[in-house]
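Working through the structure, step by step
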Amino acid sequence: MIKFKKKNLSGSSKRWIQRHYNDDLVNKAKKLGYRSRAIFKLEEINNKLSFLNKNKNIIDLGAAPGSWSQYLSKQGFKNLLAIDILEINKLPNVKFILGDFTNEDIKKKILQEFEEIDIILSDIASNTTGNKKLDSFKTNSICLDVLDFASNNLVNSGYVLAKYFNGELDKEIIEFSRKYFRKNKIIKPRSSRKDSKEMYVFAQK
Ligand SMILES: C[S@@+](CC[C@H](N)C(=O)[O-])C[C@H]1O[C@@H](n2cnc3c(N)ncnc32)[C@H](O)[C@@H]1O
């Protein structure tokens, strides 16, 4: 058990740090050498849906610090492209584009990397502001942008998995997914914090 100095920390900061360090998955990720506990969400979803395939071209949006790409790279996936507004440390078989996915120039760069896109993963979450409505609005607008990009650029039968938050625009995300994709699923992985409004939409073109 890690103990924290009580000085200079607000009660909520202390609770957050305590919860974070006491979280088994954080410790498990560290033990296994993964960059983030987020790895377990992707692993869990794929264990259920078996949609990841080593021969496919995969895009990992909002990749930093990189545990999803790291997991795929370790499993022997070779055609991986990661994108984030933050740098990630290099990974074998992972190309990286530094930039904002919502920027049209970045989208063009992504499209130049692969002739065909088979799978789009997005774990993008905007920086939080403390205003829950605004936070879900910002992340969910990007999620809609990801779904739109996926509907236009995925190969037929390609898959998209994208994070969103219960809150503003969540109904629009579900409607969009139902309208333009099939095999729609809304997933709350067990490895996602229970008190978080985080969800994933999964769909096939
Ligand atoms: C929850 S983290 C992703 C964790 C990652 N899946 C992993 O396994 O390490 C969310 C990421 O979304 C990125 N992000 C937020 N807005 C973005 C945008 N517009 N374009 C690209 N990345 C963005 C953040 O910088 C952050 O690294």
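Located above this text is the structure these notes cover.
Quick look at the structure, then.

Taken in spatial order, the 7 strands make up an open sheet running β3-β2-β1-β4-β5-β7-β6, and their pairing is mixed. The open sheet terminates on both sides in strands that have one partner only, identified here as β3 (94–98) and β6 (182–187). Ignoring which end each strand starts from, the neighbouring axes of this sheet average 15° apart. In terms of strand pairing, strand β4 (residues 117–122) meets strand β5 (residues 154–165) through 5 bridges, oriented parallel. Counterpart to Ile119 in the pairing with β5 is Tyr159. Helix α4 (residues 67–74) contacts β1 (58–61), β2 (80–84), β3, β4, β5 and β7 (198–204) of the sheet and is inclined by roughly 170° relative to β2. Strands in contact with helix α5 (residues 104–113) are β1, β2, β3 and β4; relative to β3, the strand with the most contacts, it is inclined by about 165°.

Around the ligand, the structure places 19 residues, and the nearest of them are Gly66, Ser67, Asp84, Asp100 and Asp123. A distance of 3.0 Å separates a nitrogen atom of the ligand from a polar backbone atom of Phe101. Residue Asp123 places a side-chain N or O atom 2.8 Å away from a nitrogen atom belonging to the ligand. When isolated, the ligand has an accessible area of 610 Å², and the protein chains bury 88% of it. Judged by the fraction of its atoms near the pocket grid, the ligand is located in the largest pocket.

Let us look at the pairing of β7. Among the 7 residues in β7, 7 count as buried, and that is most of the element. Covered by surrounding structure in β7 are Glu198, Tyr200, Phe202 and Gln204 together with Met199, Val201 and Ala203, the residues of both alternating faces. Bridge count between β5 and β7: 7 bridges; the pairing is antiparallel. Counted as the bridge partner of Tyr159 is Gln204 from β7. Relative to β7, β6 runs antiparallel, the two sharing 4 bridges. Considered in β7, the bridge of Ile187 is made with Tyr200.

Rules of the game
- Residues numbered from 1 in each chain as written.
- Predicted model: local features only at pLDDT ≥ 70, side-chain atom pairs only at ≥ 80, totals over all residues.
- Heavy atoms only, no water.
- Pairing = 2+ DSSP bridges.
- Helix = DSSP H or I, 4+ residues; strand = E, 2+ residues; numbered from the N terminus.
- Axes fitted to C-alpha atoms, helices over the stretch in contact; angles between N-to-C directions.
- Contact = heavy atoms within 4.5 Å.
- Near = heavy atom within 4 Å.
- Polar contact = N/O pair within 3.5 Å; in protein donor to acceptor, adjacent residues only side chain to side chain.
- Areas by Shrake-Rupley, 256 points an atom, 1.4 Å probe, with all protein chains shown as cover.
- 1 Å grid on protein atoms, 1.4 Å probe; cavity = no way out; pocket = protein on both sides within 12 Å on 5 of 7 lines; lining within 4 Å.
- Sits in = over half its atoms within 2 Å of the grid points.
- Buried < 20%, exposed > 50% of the residue type's maximum accessible area, 1.4 Å probe, protein only.

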